[in-house]
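Single-letter residue listing:
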Amino acid sequence: MSLEKLADLIFPHIDKTPEYYLKKYPKRNLKEGAVVSRYAPSPTGFQHIGGVFAALINERLASQSEGVFFLRIEDTDQKREVKGAIKDTIETMHNFGMDFNEGMTGEDGSIGDYGPYRQSQRQEIYETFAKDLIRRGLAYPSFATPEELAALRERQIEAKITPGYYGEFATDRNLSPEEAMEKIKNGENYIIRFKSPGNIENRIEFYDLIKGDISFPENNQDIVIIKGDGLPTYHFAHVVDDALMRTTHVIRGEEWLSSLPIHVQLFDVLGLERPKYAHIPTIMKNDNGSKRKLSKRKDAEAAVSYYAEVGYPAQSVIEYLLNIINSSFEEWRAENPHADYHEFPVSLDKMNKSGALFDIVKLNDVSKEVICKFKADKVYDLYTAWAKEYDKEMYELVTNNEAMAKEIFNIDKEGPKPRKDFAKWEDVRGKIDYFFDELFNKETAENVELPKTLTLEAAKEIIMVYKDEFNFNSGSQEAWFEELKEIGTKLGYCVNRKEYKANPDRYKGMISDVAAAVRAALSHRSNTPDLYTIMQILGEEKTKARFEAFLNL
């Protein structure tokens, strides 16, 4: 009876029971095996790539099983909340092709029948479960001050004892209900602690969907479940929320693995059904031969904003992350080059148990594969959307020359092996800028790239003849190249490599040098797509003008 009075004194306004909420939020009517998963960030900063990685795993498993993927905002640490973080989370996930079936839709709005989906709005629910624990003698008010707790921790560390509030050190757990009520009535500050029934000598066996069979000591810490501000700790809120929101799979970072003994114990003591757990390996980075955690402070690629700024298409990032999630994705993609990545079945038991290595070179390779399969119109649309924000000069040039730009983006796209020029939209300028007179005409002789076998003077000698003899309307790439070889042969350049190697003194160089001179005159580059195609895009007038300009460099 005294525990009843203590519970009523602490939570006088709570008149519901845990059973009320369990009945209010029944299991969803989903097909057998459907996954209910969540992304549950704290709004203490903007999104990072690790968050997208975790959300993608949750979203794929829910979607491919015809389940539910929801967004819960864990905002119990309100002092650290960053304005706009919730909106950033929702927009980030949407931009990466992930939309929530339930949960927060903005700072205040939400969809779904299992809300509120924002922890700060669920205080009454947490208090209901905490009151029930107090009533059952499984939680208690603790009056220890921060100073007393710090002193206790120091004594424990000096004595080489596991630090914490437990067993003989948890002095408030032995207060009688009457003593506790007296302290509360006297105005002493307090928090609510869970009275752990655990014994650290016991071990708990558990199966993690990624790590496999794991074993850990039973929790014996009397953890805080309700803080001084009335809001719950992560541990308590997580258990109550995932039980009531009927989460079937908790898929989260492996940094939470050490908290599993607490969570398992709370589920059991509260009489709630445990979800299945999967702890995702941390994304690592190779740093001078050693691996370290990808850092928001040290690594630009840790921030989601980086991918927008340099212009990686969202699909490229997703496909790269799928490579990290399941190494079998690469083989699947090779066998299904044109399939939608949503068709790939993500599997937790195929995840690497150790840290996933983030490799920007591999990301570039994946992204080139993704972009090369886009139609020219899609490349144009995505590039101009990016350039409008990040490269206004190129945006103006490309949109003012839309037809030409689409021809450029269509170079060698129709064949069985499309060109892989771009890994990100930031790369486009350097690959196509020479098509635009506004940029090309600013260049000088110092910008001209030539092979080591050819001097600028020799290149000009070639162009002096070539400009008058070439046929712009040769009709095909093959016919054009035959004409180029004919002109080059007249100029003293060899067509046959074996012949040239056998008698190098008889020739000025190889026909490749003639092509290099034409390429340099038209683009100032040593590496470009097919020259005939470039000339057709530039047009006869501009092609001839560039030959004349080259001679005057």
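Quick note: structure is the one above.
If you're wondering where the values come from, they're calculated on a predicted model, not measured in any experiment.

**Section: the overall build of the protein chain**
Link 1 in the chain: Tallying secondary structure elements over the protein chain gives 24 helices and 16 strands in all.
Link 2 in the chain: Taken along its principal axes, the extent of the C-alpha atoms in the protein chain is 110 × 50 × 40 Å.
Link 3 in the chain: Here the protein chain holds 553 residues, and 51% of them are scored as buried.
Link 4 in the chain: Sequence-distant contacts, at least 24 apart, represent 72% of the contacts inside the protein chain between residues at least 6 apart.
Link 5 in the chain: Just so you have it, the protein chain exposes about 27000 Å², and 48% of that area is on carbon and sulfur atoms.
Link 6 in the chain: For the protein chain, the separation between the mean place of its 75 positive charges and that of its 92 negative charges on side chains is 2 Å.

**Notes on the nonpolar core**
Burial of nonpolar side chains together is a common tendency in soluble globular proteins.
Link 1 in the chain: In this structure, I225, F236, F409 and F435 are the most contacted members of the largest nonpolar core, which totals 160 residues.
Link 2 in the chain: Core analysis: the second largest hydrophobic core is formed by six residues, L152, Y165, F169 and A170 among them.

**Considering the side chain of N326**
Link 1 in the chain: With respect to the element layout, N326 can be found in the loop between α11 (314-325) and α12 (328-335).
Link 2 in the chain: Excluding residues within four positions of it along the chain, N326 makes contact with F344, P345, V346, S347, K350 and M351.

**Notes on the environment of V361**
Link 1 in the chain: Within the secondary structure, V361 is located in helix α13 (residues 360-372).
Link 2 in the chain: The exposed category is assigned to V361, whose relative accessible area is 52%.
Link 3 in the chain: The spatial distance from the C-alpha of V361 to the C-alpha of I408 is 25 Å, given a sequence separation of 47 residues.

**Thoughts on the packing of helix α19 (residues 456-469) against helix α22 (residues 511-523)**
Link 1 in the chain: Direction vectors running N to C along α19 and α22 enclose 85°, while the axes themselves pass 9 Å from each other. Between α19 and α22, the crossing angle belongs to the class labelled roughly perpendicular. Across the interface between the two elements, A459, I462, I463 and Y466 of α19 pack against D513, V514, A517, V518 and A521 of α22.
Link 2 in the chain: Residues of the contact of α19 with α22, tallied by class, amount to eight nonpolar, no polar and one charged.

**So, helix α14 (residues 376-390)**
Link 1 in the chain: Over its 15 residues, α14 runs 20 Å from end to end, which matches the ideal 21 Å to within 8%, given 1.5 Å per residue.
Link 2 in the chain: Residues of α14 that are buried include every one of A376, V379, Y380, Y383, T384, W386 and A387, and no others. In a view along the axis of α14, the buried residues occupy a sector of 170°, so they form one face of it. Exposed and facing more than 90 degrees away from the buried side of α14 are A385, K388 and E389.

**Concerning the sheet that holds strand β6 (residues 191-194)**
Link 1 in the chain: Read from one edge of the open sheet, three strands run β5-β6-β9, paired in antiparallel fashion. Both edges of this open sheet fall to β5 (139-142) and β9 (224-226), since each of them pairs with a single strand only. Between one strand axis and the next, the sheet turns through 45° on average, direction left out of account.

Cut-off values and rules
By convention here, each chain's residues receive numbers from 1 onward along its written sequence. In view of the model being predicted, local features appear only for residues whose pLDDT reaches at least 70, and side-chain atom pairs are presented and counted only at 80 or more, with totals across whole chains, interfaces and linings using the full set of residues. No hydrogens and no water enter the side-chain calculation; it runs on all heavy atoms of the structure. In this text, helices come from DSSP runs of H or I with a minimum length of four residues, and strands from runs of E with a minimum of two, each type numbered from the N-terminal end. Think of it in three bands: with a 1.4 Å probe and only protein chains considered, a residue is buried below 20% of the maximum accessible area for its type, exposed above 50%, and partly exposed in between. Contact definition: two residues touch when any of their heavy atoms are within 4.5 Å. The accessible surface values rely on the Shrake-Rupley method and a 1.4 Å probe; as for residues, cover is taken only from the protein chains in view. We count Lys and Arg on the positive side and Asp and Glu on the negative side, and we leave His and both chain ends out. Positions of charges follow a simple convention, taking NZ of Lys, CZ of Arg, CG of Asp or CD of Glu. Buried residues of nine kinds, namely Ala, Val, Leu, Ile, Met, Phe, Trp, Tyr and Cys, make up a nonpolar core once their side-chain atoms join them within 4.5 Å. Here an axis means a line fitted to C-alpha atoms, over the contact stretch when the element is a helix, while the angle between two N-to-C directions is reported on a 0 to 180 degree scale. Small angles under 35 degrees read as roughly parallel and large ones over 145 as roughly antiparallel, with 65 to 115 read as roughly perpendicular and the rest as oblique. Lys, Arg, Asp and Glu make up the charged group, whereas Ala, Val, Leu, Ile, Met, Phe, Trp, Tyr, Cys and Pro make up the nonpolar group; the residues left over, Gly among them, are polar. Expected span of a helix, by definition, is 1.5 Å for each gap between consecutive residues, and there is one gap fewer than residues. Throughout, the arc means the angular range of directions from the helix axis out to the C-beta atoms. For two strands to be treated as a pair, DSSP must find at least two bridges joining them.

Everything listed here is a matter of coordinates, which is why it stays silent on function.
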